Each structure stands twice: as C-alpha cells, then as structure tokens.
Amino acid sequence: MKALRFGRHAAIAVIAAGALALSACGSDNATGTSPAAGQSASGPKVTGTLTGIGSSAQGAAMDAWKTNFASANPGASVQYSPDGSGAGRKAILDGSAQFAGSDAYLKDDEYASSKSVCGPEGAINVPVYISPIAVAFNVPGVTDLKLDANTVAKIFRGQIAKWNDPAIAALNAGVSLPDLKVTPVNRSDDSGTTQNFTDYLSAAASDVWTDKAAGVWPSSLQGENAKGTSGVVKTVTDTPGAVTYADDSAVSGKLGVAQIKVGDSFTKISADAAAKAVDAGKPVDGRAANDLSIKLDRKTTIAGAYPIVLVSFHVLCTTYDKQETVDLVKAFEHYVVSSDGQKAAADSAKSAPLSSDLAAKAAKAIDSIKVKS
C-alpha cells in the first residue's frame, strides 16, 4: 500500500496573553458547528490528561502544542512519548493511548482492528503535520548535492560504496567529491519516516529498490542503524561519510541535505515544496467517512514539488467511553489543526502548515468524534 498525502527541538515561543482561547468541544458545542480552522475554540476550558504515543518526527511540534495548550487550559495536560509511529499505532489499537502520532496512516488490517477499541467506525487518520524528509549526509567539505531517485536507492542499498562514485559525480559537475566510504544509516524502529522514504524509493526507483514500502527497514540490507529521528541524525553527525533519511526539522549543524530530481530539474527541500507535493495527492478509499488518509504521488513531475514528504497524522478514535475524553480530544486537536497550532509547529519544527482546505476537513473530522452509545 502506498503511503500518504498529505518531525530539532527548538525553544518554544511564549504566547501573548489572550492569544489562545481553547475550550471543550463535543457536548459544549451544542450547535454541532466547529470553530473556523484559523480561529481558537470558544467556551469553557477543558481539564484532564490526554495520553499519546508515536511519531518522533512530530517531537518539536508536539512540544510546542503541549506547552501552548496547557498554557491556555491550566487544568489540562498532554503527555506524549515519541516512541515511533509503529508504537503509536499499536498503543491506540490496544487502548493504552487516547491518540497516536503516526507518519503513516493505518494499514487496512490496523483499521479493521481499530473497530474493537474505537467503535464500529474504527479510528480516523487526521493530518496534523507536513514535513519533507531530508536525505542528510556528512561529507566533509560538501554541503549540497544533487541526487536522483535511482542514485538515492543505490546509496541505501549499499550499491554505491564511495562518495566519488561516477553515479554521484555525473549529477554534481564541479563538486569535489572525496574518496570516502558511504555509510548508510537507517532507523532501527518501526518508523513512519521509513515507511514514507521506502514508499518513495519503491515508486520512483522501482528498478533499484526491489523491496516493498514498509515501516521496518529491510533486514537484508547492511549498514548502521539507530533508534528514532534523533538517533539517526546523531549517528550521521558523528560519522564522516554517513548518510540517512530524517525529518528535515531535525537536520542541522554540519550535515548537508540533498536536492532531489523531479522531472527534469532538482528541487531543494523546503516546507513549501513539501506542501506542493501533498496537494497533488489523492484520498484513500475504503475508510471511515471522516478519515483523511491520502496517497502521495511519489513520481510527480510537478515543478517545485518535493516528493520525499511525510504527512504525519493523529490517529483518533471515532468514539470514546467518556464525554470528558471526547471534550479533551476535541479541544486539543482543534488547536493543533488551527492556524495558531500550525504556526506554532512551523516556528518550532519548520513544518508546512495545512492548507485551508485540508485544515477545514481536519476540523470537520475532529467534530465527528463522539461518546460511545
């Protein structure tokens, strides 16, 4: 199954007084209408603790969201463990978390399993975070490279052993490439970033990347590995010649980031380029009415689009046992997809804000959450 349409911890901006006025939705929203995507919710503030597990790519954004939400709702808090997308999806399916952060939408079998925990409509995937995945490298003296899909695939399959390999040199005329060993570094955990990266490779470089897209790195491929986004970035930073794939927000310091060939030109990584790729995606069939899982076109030739992108979701139940939980989930998620929430994520994590259309669809999906009957 193809992945989706549609995460550098940074200091969190202090909110001006009155900037947020978050509140409970659900039973307090008697008219059934939702706040506009660009506004905060109104009404009584919520209390309680919301528990989430999942995507490490969302880490910096989640830090901002948690802090800002708690500031506006002193009696409420959000606990989030960035243990990876696979762990997050497992947690919501076994009922140990109230939401999951995932860089891949639920697989068909996971969606079917969610009905036993979340009710007959199961769980829904709501986009909250859009970010490009960087091909980041530590090559002394080189900060910018141009790569195409086949060359990226060969690098991560171990078929290109040195950075001065002719395949890389042919794409980078005038760049002094060292006779340095290439050390690919992959995620050791079940990762939505891996799912998205291998989905790109399997679609755009199918002659080279013969494995299916998956959240777990192919065991047949040799190389270094590390857990989580911070783990792979640290390994590459500490290892001359190393290269990895990671949420662009986590890449800094001496690491270079590759431009990726799209059509006949090369696209620099950016939030805008990622958003352009997401806008070209299509909805996934066979899901709940308000599910927003999206298939990405990894082989897009749209100028300026960056196809190695992840759309990170919050996986939410369509029904919860208690009204208090429904109110808390709705209040937090409405903030996350609001213009304030998306700006907080962009400021802290370089993410691309949801488009107005996608934010409106996300708000509608959040409004549909209710108490189990």
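Residues numbered from 1 in each chain as written. Predicted model: local features only at pLDDT ≥ 70, side-chain atom pairs only at ≥ 80, totals over all residues. Heavy atoms only, no water.

- The protein is annotated in an unreviewed UniProt entry as Phosphate-binding protein from Pseudarthrobacter enclensis.

## Structural notes on the packing of aromatic side chains
Argument step 1. Tallying each qualifying case throughout the model produces eleven aromatic pairs.
Argument step 2. Ring plane angle 65 degrees and centroid distance 6.0 Å describe the contact between Phe156 and Tyr245, whose orientation is recorded as edge-to-face. Of this pair, Phe156 sits in helix α4 (residues 149-156) while Tyr245 sits in strand β8 (residues 242-247), and the two are 89 residues apart along the sequence.
Argument step 3. Take Phe156: its relative accessible area is 1%, and that puts it in the buried class.
Argument step 4. Arranged with centres 5.4 Å apart and planes meeting at 15 degrees, the rings of Trp217 and Tyr245 form a pair that is stacked. On the criterion of sequence distance, the pair formed by Trp217 in the loop between α6 (192-204) and β7 (224-226) and Tyr245 in strand β8 is long-range, its members being 28 residues apart. Tyr245 carries the same exposure label as Trp217, and that label is buried.
Argument step 5. One aromatic cluster in this structure is built from Phe156, Phe197, Trp209, Trp217 and Tyr245.
Argument step 6. Geometry around Trp209 places Arg157 over its ring, the cationic atom sitting 4.9 Å from the centre. (Phe/Tyr/Trp six-rings, centres within 6.5 Å; stacked < 30°, edge-to-face > 60°. Helix = DSSP H or I, 4+ residues; strand = E, 2+ residues; numbered from the N terminus. Buried < 20%, exposed > 50% of the residue type's maximum accessible area, 1.4 Å probe, protein only. Lys NZ or Arg CZ within 6 Å of the ring centre and 35° of its normal.)

## Some words on the state of the cysteines
Argument step 1. Enumeration according to the criterion identifies one disulfide in this entry.
Argument step 2. Paired by a disulfide, Cys118 and Cys317 hold their sulfur atoms 2.0 Å apart. The sign of the -45 degrees torsion about the S-S bond sets the Cys118-Cys317 disulfide as left-handed. Residue Cys118 is located in helix α3 (residues 108-118), and its partner Cys317 is located in strand β13 (residues 309-317); the two are separated by 199 residues in the primary sequence. Cys317 carries the same exposure label as Cys118, and that label is buried. (Disulfide = S-S within 2.5 Å.)

## So, helix α1 (residues 59-72)
Argument step 1. Taking 1.5 Å per residue, 14 residues should reach 20 Å; α1 reaches 20 Å between its end C-alpha atoms and fits that length.
Argument step 2. For α1, the complete set of buried residues consists of Gly59, Ala60, Ala61, Met62, Ala64, Trp65, Asn68, Phe69 and Ala72.
Argument step 3. In this structure, the buried side of α1 is in contact with β2 (76-81), β3 (99-102), β4 (123-137), β13, α9 (323-337) and α10 (339-349). (Expected span 1.5 Å × (residues − 1). Contact = heavy atoms within 4.5 Å.)

## Here's the deal with unusual backbone geometry
Argument step 1. Positive phi values are uncommon outside glycine, yet Lys350 reaches one of about 60 degrees.
Argument step 2. In this fold, Lys350 is placed in the loop between α10 and α11 (356-367).
Argument step 3. Its relative accessible area of 39% is what places Lys350 among the partly exposed residues.

## Here's the deal with α11
The α-helix winds at 3.6 residues per turn, so residues separated by three or four positions along the chain end up facing the same way.
Argument step 1. Under the 1.5 Å per step criterion, the end-to-end length of α11 is 16 Å for twelve residues, consistent within 8% with the ideal 16 Å.
Argument step 2. Buried residues of α11: Leu358, Ala359, Ala362, Ala363, Ala365, Ile366 and Asp367, and no others.

## Quick word on the pattern of salt bridges
Argument step 1. Enumeration over the complete set of coordinates arrives at twelve salt bridges.
Argument step 2. For Asp108, the salt bridge goes to Arg287, with nearest N and O atoms at 3.0 Å. Taken together, the positions of Asp108 in helix α3 and Arg287 in the loop between β11 (282-283) and β12 (294-295) put the pair 179 residues apart, joining distant regions of the chain.
Argument step 3. Of the charged contacts, one joins Arg187 and Asp189 as a salt bridge, the two residues approaching to 2.8 Å between their closest N and O atoms. Note on accessibility: Arg187 and Asp189 belong to one class, buried. (Salt bridge = Lys/Arg side-chain N within 4 Å of Asp/Glu carboxyl O.)

## Some remarks on the nonpolar core
Argument step 1. Core analysis: the biggest nonpolar cluster contains 108 residues, and Trp65, Val135 and Phe156 have the highest contact counts within it.
Argument step 2. Ranked by the residues each element gives to this core, the list is headed by β4, at eleven residues.
Argument step 3. Here Trp65 is in contact with Gln58, Val128, Tyr129, His314, Phe332, Tyr335, Val336, Gly341, Gln342 and Ala345, once residues within four sequence places are set aside. (Core = buried A, V, L, I, M, F, W, Y, C linked by side-chain atoms within 4.5 Å.)

## Structural notes on the side chain of Thr318
Argument step 1. The topology assignment puts Thr318 in the loop between β13 and β14 (319-320).
Argument step 2. The class of Thr318 is buried, set by a relative accessible area of 10%.
Argument step 3. Among the polar contacts made by the side chain of Thr318, one reaches the main-chain carbonyl oxygen of Gly122 at a distance of 2.7 Å.
Argument step 4. Once residues within four sequence positions are removed from consideration, Thr318 is found in contact with Cys118, Glu121, Gly122, Ala123, Ile124, Ser368, Ile369 and Lys370. (Polar contact = N/O pair within 3.5 Å; in protein donor to acceptor, adjacent residues only side chain to side chain.)

## What about the pairing of β2?
Argument step 1. Alternating positions in β2 separate cleanly, Ala76, Val78 and Tyr80 being buried on one face and Ser77, Gln79 and Ser81 remaining unburied on the opposite face.
Argument step 2. Sheet topology places strand β1 (residues 48-54) next to β2; six bridges connect them, and they run parallel. From the neighbouring strand, Thr49 faces β2, where its bridge partner is Ser77.
Argument step 3. In this region the chain leaves β1, passes through α1 and returns to the parallel neighbour β2; the handedness of that crossover is right-handed. (Pairing = 2+ DSSP bridges. Right-handed = clockwise from strand over helix to strand, strands pointing away.)

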